[in-house]
Each structure stands twice: as structure tokens, then as C-alpha cells.
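# An overview of the molecular structure
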Amino acid sequence: MREALVAAAFELFLERGFEQTTIDDIVSLAGVGRRSFFRYFPAKEDVVFPDHERSLAEMTEFLESGSGEEDPVRHACGAARLVLRMYAEQPSFSVQRYRLTRKVPGLRAYELSVVWRYEHTLAHYLRGRFADRPDGALRADVIAAAVVSAHNHALRTWLRSGGESDWVAEVDSAMAFVTGTWSDRPAEADPEGGAADDVVVLVASRRAPLWRMVQGIESALGDTRRVPEDARDAPQAPQG
């Protein structure tokens, strides 16, 4: 029933326009009564965003599932990925909705209210994680806004491509920018199998020959990452 109402509504929105379509028109095309419509949607605008309540609930559940030991910034970014995945599950519908909201000022205002709820949910989680910091509340609000802005940038890029671009790459790039800017913790291993860049620190005597230092670096890096031969033969710095 819910899906039938959404399908009927969008068929009419695209044919007649949002403002020109009434709830009576929608229920007539769907073959149901007005009471059935209001059982699922409080208002006509809610038909355009039928999945956000579920998405918001999933985000909240994800945020609450943390152990308390995870990086809060990365965890918030992970929650934002869930929202973009919701859009990507129905690319055609998402692109149609994007084009519709651009034409109807009332829908843009409604969408902003939805975005605020996501941001408020993220900020609430982050405030709890940063409660012991003097700037905790400010930091939480700023990071929540950054996560939402980065998510929306990735989402708009994907939608403008007609849902054809790689949404995973878009959101990963956007969230990496947020974590790189705001996270206090070093980069973690990529869950897809990659790893953050290694940092090798070599401790050696100032009088140790250069070849021995190179040997030590090679040993730390392993056989797959050899130091170039010209580095082996480089002249040693004067000792003093």
C-alpha cells in the first residue's frame, strides 16, 4: 500500500507538477481511500521523502551500537554512509526526487528540515563522546555540520550524474576529508583490505655508515619496498 501510494504520487507529480497534484488525486490513482493515505503519510510532502524515517532510525541505531572506544568522528561518518546507501538503493527514484525538489521551493524547505534532523542526531551522539572536553559541545556541533555537508556534497555529485557515478567512491572521499580534518586519531586500516601509510622511525648512531642505515630501512620495509640503489651509494654526511 505504501509503495503504491508513493508510485502513484510520483507519477502525478511528474505529469502535473507537485503543487497541482492533490491527495485526492493520489489516492484515486492508487485505488485507496484518504484514510489509507494518512495512515502512512502525515502530509503530501512526506510522500516525496518516504524513507527518511527509516533511515534516521537506522542512523540512530548505528550510532548507539558503538562500544565507546571507536573514533567518534569516523563513527559519525559511518552513520552518514548509511544515509547515502539509502539513496543508492533506489537510484531512479532518488534522481527523480532530486529533480522534483529543485523545482518546488516548499519541498526544498521540507528537505532542509530533514537534513537538520540528521545533523541534530549526529551532534547528540558527538556531544556525548566529547562531554569531557571544554570545547565538547562546540566541537560536536561543528563536526556534525561538517559530516552532513560532506555527505550532501557526495550525494549531490552522485545525483547530478544521474546516479551513474560511483557513490561509494564519492562518499569515501568526502568522509576521508572530514576525518582527516577533525579526527584526533591516526588513520586506521582500510576495511576493504588496504592499510594506512606506514611510518618507519630508524634510530642509529650518528657515526653509523649510510649503508647500514639503508639496510635497516630495507629490513623494516621488507623485500617488496627496496630503497633505490642510488641511495646506497650517496655520500655520507660529515660527522661532527
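Definitions and cut-offs
Residues numbered from 1 in each chain as written. Predicted model: local features only at pLDDT ≥ 70, side-chain atom pairs only at ≥ 80, totals over all residues. Heavy atoms only, no water. 1 Å grid on protein atoms, 1.4 Å probe; cavity = no way out; pocket = protein on both sides within 12 Å on 5 of 7 lines; lining within 4 Å. Points joined across faces, edges and corners; volume = space filled by probe spheres on them. Helix = DSSP H or I, 4+ residues; strand = E, 2+ residues; numbered from the N terminus. Nonpolar A, V, L, I, M, F, W, Y, C, P; charged D, E, K, R; others polar. Axes fitted to C-alpha atoms, helices over the stretch in contact; angles between N-to-C directions. Parallel < 35°, antiparallel > 145°, perpendicular 65-115°, else oblique. Contact = heavy atoms within 4.5 Å.

As annotated in an unreviewed UniProt entry, the chain carries the name TetR family transcriptional regulator and is attributed to Kitasatospora aburaviensis.

### Some thoughts on the layout of surface pockets
Gaps left between atoms show up when a probe the size of a water molecule is rolled over them. Its boundaries defined by the atoms lining it, the second largest pocket holds a volume of some 490 Å³. Around the second largest pocket, the lining is made up of 25 residues, and of these Glu111, Val115, Asn152, Leu155 and Arg156 lie nearest the centre. Mapped by element, the contributors of at least two residues to the lining of the second largest pocket are α5 (52-64), α6 (72-89), α7 (91-103), α8 (105-129) and α9 (136-160). Of all the elements, α9 adds the most residues to the lining of the second largest pocket, at 8 residues. When the residues that make up the lining of the second largest pocket are grouped by side-chain class, the tally is 15 nonpolar, 4 polar and 6 charged.

### Overview of the environment of Gly136
The topology assignment puts Gly136 in helix α9. Measuring from C-alpha to C-alpha, the distance between Gly136 and Leu126 comes to 8.2 Å, with 10 residues separating the pair along the chain.

### Quick look at the packing of α7 against α8
At a minimum axis separation of 5 Å, α7 and α8 run at an interaxial angle of 115°. Judged by the inter-axis angle, α7 sits roughly perpendicular to α8. Side by side, α7 and α8 meet where Leu100, Thr101, Arg102 and Lys103 of the first sit next to Pro105, Leu107, Arg108 and Glu111 of the second. Here the residues of the contact of α7 with α8 sort into 3 nonpolar, 1 polar and 4 charged.

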